[in-house]
Amino acid sequence: MKIAFVLLLLLSLNSMAQVDKNLCNLNEDKIIRRITPMYTPNYFFKTSPDGRYIYYIGGHKNWRLDTTNGEELLLPGSADPVPSIDGKIMTSINWRVPGQKNWSLNLMPMENWDISRGFFGKINYEKVTVDTNTERTYQSVGTLGGNKYRVLSYDERAASISLKDYTLTSNGSFSANRNDNQQKFPNMRLPMISKDGKEFASLDIETNQTVIYRINDDGTGAKEIERLDFPSGKVDFSNDRKKLVFHVTEKVSRSGPMSSEVNMPPTFDNRHEVRNVFVYDRETKSITPVTQNQRGNSYYPVFLEDDKVVYLDQTSGKLSFVIKEVPKVVPKSIEVARSCFEGDDFDRSLENLADLWKSVCTDWTGNNSGGSKVMMLNMPDELCRQIAKATGDREVSLMCDALKKSEIKRPRVSNTKDKFKKMVKVKCMICHQENIPFFDKEKVKSHKDEILKRINSNDPSYRMPLGGELTKEEKKEFTEYFNSL
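A few points on the structure. Once a new chain begins, its residue numbering starts again from 1 and follows that chain's sequence as written. In keeping with the predicted nature of the model, local features appear solely for residues at pLDDT of at least 70, side-chain atom pairs appear and are counted solely at 80 or more, and the whole-chain, interface and lining totals rest on all residues. Excluding hydrogens and water, the side-chain values take into account all heavy atoms of the structure.

Attention shifts here to the sheet that holds strand 20 (residues 236-237). A pair of strands is considered paired only if DSSP assigns at least 2 bridges between the two. In DSSP terms, a helix is any run of H or I states spanning at least four residues, a strand is any run of E spanning at least two, and both are numbered starting from the N terminus. If you trace the 4 strands from one edge of the open sheet to the other, you get 20-21-22-23, paired in antiparallel fashion. Two strands bound the open sheet, and with one partner strand each, they are strand 20 and strand 23 (286-289). Bridging between strand 22 (residues 273-281) and strand 23 involves 4 bridges; their strand directions are antiparallel. If you follow Val 279 over to strand 23, its bridge partner there is Thr 288.

Pasting the structure below:
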């Protein structure tokens, strides 16, 4: 089947010339500010909630960048300067720091978003507590309240996600249990904790899915609560945990006009990679694009307190921090698209559409690594229709239908006074759009049993899609209506 599609793709290249490439790009690009720091940033970074201060690694040292005046202050450690969201503590990692154990954790009290300093801004190391009973990489910090903090990281030596709770004492030191709480999730990488320390997200390297865990109150264990049908880099939770912001990576060709990007960080095994930033809404299960790069990288995004995002950007020369509003485009949901798809194989069809999109909108080659699957949720309906028409492929056309139906919109206000009809028009619009057959009694009779079975199913692949679920009372009304026919 895949070979047949490749042949179809080759045959359709000429017809693709009819597709309007101007539709490939997002119309909204609301960059508020671009800040280029003194040093080239490495790996992920964190900010104060208002975005004034950015904490990053540059030149193998840790820095606090004041975005209002450009001042950069040195911080202890050589990696991962991560503050708590309440601004009371700063953490960092020691790696190749003289006199310090590799991967030990620094904990420091903060005031006004800075650590204790002496004359001329010199670091007061007497206020730095070093936990040597831990092996930390890429830690993140949750604020539990009452001067308690939860630190999450991936322990390379134990090959495990680790959790440990600390208490900031009245004299500015830190107390904690001696040992880390190792979490037995062998396939999980890139963990990041929520700002309140109650959940964390991680990448399942076996399934290439993003997984969200809820942490036990005592921090000793965690339970999977949500599995997302896409891969992600290090995510950041919004303050209320209702949204995630993350980047997705797409591997692209090594040759051609993108060769200069190999020398721009981050470089992983000298592979060409394009990264884009997205926001995931946990209530609607929808994804909104923040960037849409065909070249270059936008990555390691962080939420600010007003739901704006900050991310590292490598699309225009030097690596910079970009502050941006989330574009006001209609978000789409993979889950709803899957529920509404009427073709043979959703995943294969989505991958095929992604390959066609790449041939039109990019000069990428190589295997689909997951990034373009999410990019399909950005695709304007008109672009999808033009691609479907150019290929003449029925499955592509059906995928365009499903993606259109997956748009998460506010339900229209129905003018009808009939309570049942109003419920149908709101709930069933998710997939049926304007074509709702429920009031054609003769047509409904032949599908009555199937509809009731689907309404009451607990199978996520069969039941009504997100937004169309019914309450017990609504299910009762449906049953009464169908039995009256």
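Attention now moves to the nonpolar core. By size, the foremost hydrophobic cluster in this structure holds 74 residues, and its most contacted members are Phe 45, Leu 353 and Ile 387. At 8 residues, the largest contribution of residues to this core is made by helix 3 (residues 346-361). In this analysis, two residues are considered to be in contact whenever any of their non-hydrogen atoms come within 4.5 Å of each other. Every residue in contact with Phe 45, bar those within four places of it in the chain, is listed here: Ile 54, Tyr 55, Tyr 56, Tyr 300, Val 302, Val 310, Tyr 311, Leu 312 and Phe 321. With 12 residues, the next largest nonpolar core counts Leu 152, Ile 193, Val 211 and Ala 222 among its residues. Here, nonpolar core refers to any group of buried Ala, Val, Leu, Ile, Met, Phe, Trp, Tyr and Cys residues whose side-chain atoms link them within 4.5 Å. Only protein chains enter the area calculation, which uses a 1.4 Å probe; residues under 20% of their type maximum are buried, those over 50% are exposed, and those in between are partly exposed.

On to the state of the cysteines. For the purposes of this analysis, a disulfide is any pair of cysteine sulfur atoms at a distance within 2.5 Å. One pass over the structure, following the stated rule, counts 2 disulfides. Covalent S-S linkage joins Cys 24 and Cys 361, the inter-sulfur distance amounting to 1.9 Å. Sign of the S-S torsion, about -75° for the bond between Cys 24 and Cys 361, identifies this disulfide as left-handed. Of this pair, Cys 24 sits in the loop between helix 1 (2-12) and strand 1 (31-35) while Cys 361 sits in helix 3; the two residues are 337 residues apart in sequence, bridging distant segments of the chain. Here Cys 384 pairs with Cys 400 through a disulfide, and the sulfurs are 2.0 Å apart. Taking the sign of the S-S torsion, -90° for the link of Cys 384 and Cys 400, the bridge is left-handed. Placement of Cys 384 in helix 5 (residues 381-391) and of Cys 400 in helix 6 (residues 394-405) is noted, with a sequence separation of 16 residues between them.

Of note, the phi angle at Asp 80 is positive, near 55°, even though the residue is not glycine. Note on placement: Asp 80 falls in strand 6 (residues 79-83). When its relative accessible area of 4% is taken as the criterion, Asp 80 is described as buried. Phi is positive for Asn 112, close to 55°, though the residue is something other than glycine. Position of Asn 112 among the secondary structure elements: in the loop between strand 8 (104-111) and strand 9 (114-115).

Every α-helix winds through 3.6 residues per turn, so residues three or four apart in the chain are directed the same way. In a helix, the anticipated span is given by 1.5 Å times the number of residues less one. With 12 residues, helix 6 should reach 16 Å at 1.5 Å per residue; the first-to-last C-alpha distance of 17 Å fits that figure. Inspection of helix 6 places Glu 395, Val 396, Leu 398, Met 399, Cys 400, Ala 402, Leu 403 and Lys 405 among the buried residues, and these make up the whole buried set.

The side chains of a regular strand alternate between both faces of the sheet. Bridging between strand 11 (residues 140-145) and strand 12 (residues 148-155) involves 5 bridges; their strand directions are antiparallel. What sits directly across from Val 141, in strand 12, is Val 151. Here strand 11 hands over to strand 12 after 2 residues, with Gly 146 in that stretch at a positive phi of 65°.

This next bit is on the sheet that holds strand 2 (residues 41-47). If you trace the 4 strands from one edge of the open sheet to the other, you get 2-3-4-5, paired in antiparallel fashion. The open sheet terminates on both sides in strands that have one partner only, identified here as strand 2 and strand 5 (72-75). Each strand of the sheet is rotated relative to its neighbour by a mean of 25°, with strand direction disregarded. The pairing of strand 3 (residues 53-58) with strand 4 (residues 61-66) spans 6 bridges and is classified as antiparallel. If you follow Gly 58 over to strand 4, its bridge partner there is Lys 61. Orientation is described by axes fitted as lines to C-alpha atoms, over the contacting stretch for helices, and by angles from 0 to 180 degrees between their N-to-C directions.

What follows concerns the environment of Gln 294. By the element assignment, Gln 294 lies in the loop between strand 23 and strand 24 (298-303). Placed 269 residues apart in sequence, Gln 294 and Asn 25 show a C-alpha to C-alpha distance of 9.1 Å.

It is worth spelling out the pairing of strand 13 (residues 160-168) at this point. Extensive coverage of strand 13 is indicated by the burial of 7 of its 9 residues. Judged from the 8 bridges that link them, strand 12 and strand 13 form a sheet pairing that is antiparallel. By the bridge assignment for strand 13, Asp 155 is matched with Ser 160. Where strand 12 folds back on strand 13, the antiparallel hairpin that results is connected by 4 residues, among which Ala 159 adopts a positive phi of roughly 50°. As paired strands, strand 13 and strand 14 (residues 174-176) are joined by 3 bridges and run antiparallel to one another. Directly across from Thr 167, in strand 14, lies its bridge partner Ser 175. The turn joining strand 13 and strand 14, which pair antiparallel and follow one another in sequence, is formed by 5 residues; a positive phi near 90° is taken by Gly 172.

Moving on, we get to helix 5. Turning to helix 5, its buried residues number three or more, namely Leu 383, Cys 384, Ile 387, Ala 388, Ala 390 and Thr 391. Projected down its long axis, helix 5 shows its buried positions confined to an angular sector of 160°, all on one face. Residue Gly 392 follows helix 5 closely and has a positive phi angle near 70°. In this context, the arc is that of the directions from the helix axis out to the C-beta atoms.

Let us now look at the pattern of salt bridges. Throughout this description, the term salt bridge denotes a Lys or Arg side-chain nitrogen within 4 Å of a carboxyl oxygen of Asp or Glu. Tallied over the full model, the rule gives 32 salt bridges. One salt bridge in this structure joins Arg 52 and Asp 66, with 3.0 Å as the shortest N-O distance. A residue pair is termed long-range when its members are at least 10 positions apart, and Arg 52 in the loop between strand 2 and strand 3 and Asp 66 in strand 4 qualify at 14 residues. For the salt bridge of Asp 347 with Arg 338, the shortest nitrogen-to-oxygen distance reads 3.2 Å. What makes Arg 338 partly exposed here is its relative accessible area of 33%. It is possible to trace a salt-bridge network through shared partners that takes in Asp 196, Glu 199, Arg 214, Glu 226, Arg 241, Arg 282 and Lys 285.

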